[in-house]
Amino acid sequence: DGGITQSPKYLFRKEGQNVTLSCEQNLNHDAMYWYRQDPGQGLRLIYYSQIVNDFQKGDIAEGYSVSREKKESFPLTVTSAQKNPTAFYLCASSMWLSTDTQYFGPGTRLTVL
Amino acid sequence: QKEVEQNSGPLSVPEGAIASLNCTYSDRVSQSFFWYRQYSGKSPELIMSIYSNGDKEDGRFTAQLNKASQYVSLLIRDSQPSDSATYLCAVNIDNNNDMRFGAGTRLTVKP
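What comes next is a walk through the structure. (Residues numbered from 1 in each chain as written. Chains lettered and ligands numbered in written order. Predicted model: local features only at pLDDT ≥ 70, side-chain atom pairs only at ≥ 80, totals over all residues. Heavy atoms only, no water.)

A look at the overall build of chain A
Right, on to step 1. Per the secondary structure count, chain A includes zero helices and 11 strands.
Right, on to step 2. Going from N to C terminus, chain A has its helices and strands arranged as β-β-β-β-β-β-β-β-β-β-β.
Right, on to step 3. Against the 2.2 N^0.38 benchmark of 13 Å for 113 residues, chain A shows a C-alpha radius of gyration of 13 Å, consistent with a compact globule.
Right, on to step 4. When each of the 113 residues of chain A is scored for burial, the buried share is 50%.
Right, on to step 5. Once local pairs closer than 6 in sequence are excluded, the contacts in chain A between residues at least 24 apart make up 54%.
Right, on to step 6. A total accessible area of about 5500 Å² is found for chain A, and carbon and sulfur atoms account for 48% of it.
Right, on to step 7. Each charge class in chain A was averaged separately, 11 positive and 11 negative side chains, and the resulting centres sit 8 Å apart. (Helix = DSSP H or I, 4+ residues; strand = E, 2+ residues; numbered from the N terminus. Rg over C-alpha atoms; globule rule 2.2 N^0.38 Å. Buried < 20%, exposed > 50% of the residue type's maximum accessible area, 1.4 Å probe, protein only. Contact = heavy atoms within 4.5 Å. Areas by Shrake-Rupley, 256 points an atom, 1.4 Å probe, with all protein chains shown as cover. Lys, Arg positive; Asp, Glu negative; His and termini not counted. Charge placed at Lys NZ, Arg CZ, Asp CG, Glu CD.)

Digging into the layout of surface pockets
One way to see where empty space is left: roll a probe the size of a water molecule over the atoms.
Right, on to step 1. By volume, the largest pocket amounts to about 500 Å³.
Right, on to step 2. Contributing to the lining of the largest pocket are 24 residues, with A:Q37, A:P39, A:G40, B:Q38 and B:T86 lying nearest its centre.
Right, on to step 3. Elements with a minimum of two residues in the lining of the largest pocket: β9 (87–94) and β11 (108–112) of chain A together with β9 (85–92) and β11 (105–110) of chain B.
Right, on to step 4. A total of three residues in the lining of the largest pocket trace back to one element, the largest contributor, which is β9(B).
Right, on to step 5. Taken together, the residues of the lining of the largest pocket break down into eight nonpolar, 12 polar and four charged.
Right, on to step 6. Considered as a void within the structure, the second largest pocket measures approximately 290 Å³ in volume.
Right, on to step 7. Looking at the second largest pocket, it is lined by 16 residues, and the ones nearest its centre are A:G42, A:L43, A:R44, B:V4 and B:F101.
Right, on to step 8. Residue assignment for the lining of the second largest pocket shows that the elements contributing at least two residues are β5 (43–51) of chain A together with β10 (99–101) of chain B.
Right, on to step 9. Residues belonging to the lining of the second largest pocket are distributed by class as follows: seven nonpolar, three polar and six charged. (1 Å grid on protein atoms, 1.4 Å probe; cavity = no way out; pocket = protein on both sides within 12 Å on 5 of 7 lines; lining within 4 Å. Points joined across faces, edges and corners; volume = space filled by probe spheres on them. Nonpolar A, V, L, I, M, F, W, Y, C, P; charged D, E, K, R; others polar.)

Focus on the state of the cysteines
Residue and element names in this part refer to chain A.
Right, on to step 1. Going through the model one piece at a time under the given rule, you end up with two disulfides over all chains.
Right, on to step 2. Covalently, C23 is tied to C91 through a disulfide, its sulfur atoms 1.9 Å apart. Linking C23 and C91, the disulfide has an S-S dihedral of approximately -70 degrees and is accordingly described as left-handed. Within this pair, whereas C23 is found in strand β3 (residues 19–25), its partner C91 is found in strand β9, the two being separated by 68 residues in sequence. (Disulfide = S-S within 2.5 Å.)

Considering the environment of B:S8
All names here are of chain B.
Right, on to step 1. Turning to its location among the elements, S8 is positioned in the loop between β1 (4–6) and β2 (11–14).
Right, on to step 2. Residues S8 and Q64, 56 residues apart in the sequence, show an inter-C-alpha distance of 19 Å.
Right, on to step 3. Other than its neighbours up to four places away in sequence, S8 contacts G104, T105 and R106.

What about the interface of chain B and chain A?
Right, on to step 1. Taken together, the contacts link 22 residues of chain B with 22 residues of chain A.
Right, on to step 2. Contact between chain B and chain A buries roughly 1600 Å² in total, counting both sides, with carbon and sulfur atoms accounting for 52%.
Right, on to step 3. Where chain B touches chain A, the interface holds one salt bridge.
Right, on to step 4. A:D59 is the partner of B:R100 in a salt bridge, and the nearest nitrogen-oxygen pair spans 2.4 Å. (Buried area = accessible area lost by both parts, 1.4 Å probe. Salt bridge = Lys/Arg side-chain N within 4 Å of Asp/Glu carboxyl O.)

Okay, structure coming up:
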């Protein structure tokens, strides 16, 4: 089955800890994205990547970091510098950037204890 | 002004009625437009994309685009309780790698 997987589904973090959210896709898509969704709000772009070893900051990159060592994988690290990390995190991919449709993974719900 | 605006709702319609969801956007050069459905606690799933002015139909769903008015809408005919969800409008801003999402409209279809 082709698709996007994210893990874990739920994640609990203590204040001051870094945590890494996994995102993998087997759609052979070039572009991958990370969004954050807060209750009652739209999706906000954290980071995106067009190709391996290249990524760009989105609107709310502060306190987050990413890597793109493989085409299939785009992990997101939520660092202790992110002051309000409790949110629903969504990974997406598309064939290419620009106008192409984005497809979403199932999401990871992060809660800071 | 927000780049993509939607009425947050909730919008409530009876089963079998037509649900009309609206979205306006601020950037005149936007080229691609998408409607996603998001059930509570789940990730968004694509319903339709539209790129040209006019209507695009897919089953019970019709997307309407009017670039001059900077307006895109989604009509759901014969609404079913299973259509109850939040509908997100997404617009590609500046025809680049910048997709903007509205906050979503929550739709409830009552049996």
